[in-house]
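So the chains spell out like this:
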Amino acid sequence: MQEAIQKLRNKRVVLRAVLIFLVSYALFLFVWIQVKDYYGTTLTLTASKLLTLVKDVSYEGVTRVGAAIEVTFSPLSRRNMLVDIPVNTSSYTFNAPLTFSLMATLWLFIGKKGKAYSEALLILIGVHLLYVFSLEWKTLTEILMQRGVEQENTLLLFFSQFLWGFTDNMVIRFEPFLIGFYMYIRFGE
């Protein structure tokens, strides 16, 4: 009898989790479509300002060009030269509604909910920031080396390409599952 009751409870928990996931995905998708561009602009602006700390460039501005955000930099050694780098927000945020839905579903299975969700959001923002930063760094490094502004450095070029490639091909693609796994392992009950 106890076994039958336990099986029924397990089925209810699974059904609730599936229902939470489906409903929250529809809601998060709708909301994300509305706020994605504002989030992308803010994140791109932040990453661009951080990039000026590691590259000898100045941040000149950001403009929206269709679905992309175009960031303009100027090398400090050649103030009359402008470099535009397009950043497509959808390239790194397409998984956000899925990530939020998985996080909502985990509500049933984790403790310390405030801390868990705060950490998960910080990781998500950090991953997106890393994507934009590494894309801009790689692109700017390639362009400045091609134009002779920076001395060719194959190690720096390789590292910038590797960081962006790893972030783009691995981290962004698995972001929802990495964050869900992290939340469950760290805060699961």
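Preceding block: the structure.
Given the structure is predicted, the values throughout are model-derived calculations rather than measurements.

Draft legend 1. Structural detail: helix α3 (residues 96–105). In terms of burial, α3 is largely enclosed, as seven of its ten residues are buried. Those residues of α3 not exposed but buried are Ala96, Pro97, Thr99, Phe100, Ser101, Met103 and Thr105.

Draft legend 2. Local environment of the pattern of salt bridges. Scanning all chains against the criterion turns up five salt bridges. The partner of aspartate 37 in a salt bridge is arginine 64, with the nearest N and O atoms 3.5 Å apart. Placement of aspartate 37 in helix α1 (residues 2–51) and of arginine 64 in strand β1 (residues 57–65) is noted, with a sequence separation of 27 residues between them.

Draft legend 3. Local environment of the sheet that holds β1. Read across the sheet, three strands follow the order β1-β2-β3 without closing on themselves; strand pairing throughout is antiparallel. Of all strands in the sheet, those bounded by a partner on one side alone are β1 and β3 (83–88). Strand after strand, the sheet turns through a mean of 25 degrees between neighbouring axes, direction not considered. Judged from the six bridges that link them, strand β2 (residues 68–75) and β3 form a sheet pairing that is antiparallel. Along β3, the bridge assignment pairs glutamate 70 with proline 86. Set on the sheet, helix α4 (residues 113–146) makes contact with β1, β2 and β3; between it and β3 the angle comes to about 150 degrees.

About the cut-offs
- Residues numbered from 1 in each chain as written.
- Predicted model: local features only at pLDDT ≥ 70, side-chain atom pairs only at ≥ 80, totals over all residues.
- Heavy atoms only, no water.
- Buried < 20%, exposed > 50% of the residue type's maximum accessible area, 1.4 Å probe, protein only.
- Helix = DSSP H or I, 4+ residues; strand = E, 2+ residues; numbered from the N terminus.
- Salt bridge = Lys/Arg side-chain N within 4 Å of Asp/Glu carboxyl O.
- Pairing = 2+ DSSP bridges.
- Axes fitted to C-alpha atoms, helices over the stretch in contact; angles between N-to-C directions.
- Contact = heavy atoms within 4.5 Å.

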